[in-house]
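# Notes for the structure review
Spelled out, the chains give:
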Amino acid sequence: METLRVKKRPGRREGDNVLRDIDILQRTMNELRGCGLIPKGIYRFRTHEEADEWMMRQIAANHARHSSRTS
């Protein structure tokens, strides 16, 4: 595995661990975001209209789940 080089910027303290901070931020964002708009997987539908209707229901349900947590 190749080593990642980090440039030193003026004003940063020597003890700062930038990669650790990035990792913490990424984990936080993943937890806040939760799952995407629709569940992952392969779905089969007879028509495009049926697929569109299902997708709208999934997006609305996901929005309702996430908005109830923040209120």
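Residues numbered from 1 in each chain as written. Predicted model: local features only at pLDDT ≥ 70, side-chain atom pairs only at ≥ 80, totals over all residues. Heavy atoms only, no water.

A few words on the environment of Met55. With respect to the helices and strands, Met55 occurs in helix α2 (residues 48-70). Judged by relative accessible area, Met55 falls into the partly exposed class, the value being 36%. (Helix = DSSP H or I, 4+ residues; strand = E, 2+ residues; numbered from the N terminus. Buried < 20%, exposed > 50% of the residue type's maximum accessible area, 1.4 Å probe, protein only.)

A separate point is the environment of Val6. Checked against the element boundaries, Val6 lands in the segment before α1 (18-33). For the pair Val6 and Asn17, spaced 11 residues apart in the sequence, the C-alpha separation amounts to 10.0 Å.

Let's shift gears to the packing of aromatic side chains. Scanning the model with the defined rule gives two aromatic pairs in all. A ring pair is formed by Tyr43 and Trp54, whose centres lie 4.4 Å apart and whose planes are at 40 degrees; its orientation type is tilted. With Tyr43 in the loop between α1 and α2 and Trp54 in helix α2, this pair connects stretches of sequence that are 11 residues apart. The exposure class assigned to Tyr43 is partly exposed, which follows from its relative accessible area of 35%. Between Phe45 and Trp54, the ring centres sit 5.4 Å apart and the planes meet at 45 degrees, which makes this aromatic pair tilted. Owing to a relative accessible area of 29%, Phe45 belongs among the partly exposed residues under this scheme. (Phe/Tyr/Trp six-rings, centres within 6.5 Å; stacked < 30°, edge-to-face > 60°.)

This part takes up a nonpolar patch on the surface. Taken together, the side chains of Leu4, Val6, Leu19 and Ile22 present a nonpolar region at the surface, about 380 Å² in accessible area. Examined against the element boundaries, Leu19 turns out to sit in helix α1. Owing to a relative accessible area of 42%, Leu19 belongs among the partly exposed residues under this scheme. (Patch = residues over 30% accessible without salt bridge, like charges linked within 9 Å, V, L, I, M, F, W, Y side chains within 5 Å. Areas by Shrake-Rupley, 256 points an atom, 1.4 Å probe, with all protein chains shown as cover. Salt bridge = Lys/Arg side-chain N within 4 Å of Asp/Glu carboxyl O.)

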